[in-house]
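# Geometric and topological summary
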Amino acid sequence: MRRMMLLGTLVLATGSLAAQELSPTPAPPKVNLTTDADRERFLLEAAIVRRRSAPGGITGSERATLRSADGWEHDAHIQRIDQHKMANPIGATVELDFHDSYRNNVAAYRLDRLIGLGMVPVTVVRHDGTLPASFTWWVDDVLMDEKARHRKKIPVPDVEAWNRQMYGVRLLHQLTFNTDAKNIRNVLSDPTFRVYAVDFSRAFVNYSDLRAEKELLRFSRQALERLRALDRSTLDEKLGRWLNGRQIAAMLKRRDKILALAERLVAEKGEGNVLY
């Protein structure tokens, strides 16, 4: 019997209870929008009624509660950072043409949909005061992030389904050259153990090589087919508002290397051991 291994990391307060009023005002209903288009519209149009610091971030991002004109509410993650440096020290190396930008979040969302992963929450760009920012749909009922799951040693109910999702996250991190990929607090799971990948502000680096080729061991057939179908004109149309030409060109070179790697692994290990 083949033993199935669980992929681990991607490098594979209680508050006080407020006194109730005699006639409490009912809480506004939570919004129940399920399509990307409906969520995009809500994020673009709903008013901000409350904001607080987002947990775990280092770029001053915020969690905000939005309310639509008809009274529906949902939270969003707001990031305004938009930094560009010609050279940025990273440990013993230097990253050239460094970007840490809200723009990358919406680019990652749109790219995720182009290749059919469905792991990046809906993200739009709108002004927050006088500055543009990314507004990302807050994932409700998050059970934990990957760092917490590892710390608590919580098993997953379906190892194969979980591993496939982890390979999807890895694929997205390699395709976008996400320099923050090792921060596994940006990988979330809900009570059904559906996985979400968030915060791509430091992705889309202008490198043509893969960040960590060894992480790519298995691939979704659908994702590979959609990767093959990507071309410069499609990416310019879908991502050109958020990425510059050098970023798109570098990503296409990484795409080519991912496809070549998948073909080589299939030849070496057999299709059934590589594709799903």
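Just above sits the structure.
Residues numbered from 1 in each chain as written. Predicted model: local features only at pLDDT ≥ 70, side-chain atom pairs only at ≥ 80, totals over all residues. Heavy atoms only, no water.

## A short note on the packing of aromatic side chains
Per the stated rule, a full pass over the model turns up 3 aromatic pairs. Lying over the aromatic face of Phe-135, Arg-126 brings its terminal NZ or CZ to 4.6 Å of the ring centre. (Phe/Tyr/Trp six-rings, centres within 6.5 Å; stacked < 30°, edge-to-face > 60°. Lys NZ or Arg CZ within 6 Å of the ring centre and 35° of its normal.)

## Some thoughts on the sheet that holds strand E8 (residues 144-145)
On the basis of which strands lie adjacent, the open sheet formed by 3 strands has the order E8-E9-E10 and antiparallel pairing. Taken across any chain shown, the strands that pair with only one partner, and hence form the sheet edges, are E8 and strand E10 (195-197). Direction of pairing for E8 relative to strand E9 (residues 187-189): antiparallel, over a ladder of 2 bridges. By the bridge assignment, Asp-145 is partnered in E9 with Leu-188. Here helix H4 (residues 159-176) sits on the sheet and contacts E9 and E10; the angle it forms with E10, its principal contact strand, is near 10°. (Pairing = 2+ DSSP bridges. Helix = DSSP H or I, 4+ residues; strand = E, 2+ residues; numbered from the N terminus. Contact = heavy atoms within 4.5 Å. Axes fitted to C-alpha atoms, helices over the stretch in contact; angles between N-to-C directions.)

## A few points about the sheet that holds strand E3 (residues 73-79)
Spatially, 5 strands are ordered E1-E2-E3-E7-E6 in an open sheet, and the strand pairing comes out antiparallel. In this open sheet, the two strands that pair with only one neighbour each are strand E1 (47-53) and strand E6 (123-128). When the angles between neighbouring strand axes are averaged without regard to direction, this sheet yields 35°. Packing against the sheet, helix H2 (residues 103-114) makes contact with E3, E6 and strand E7 (131-137), and its axis sits at approximately 155° to E6.

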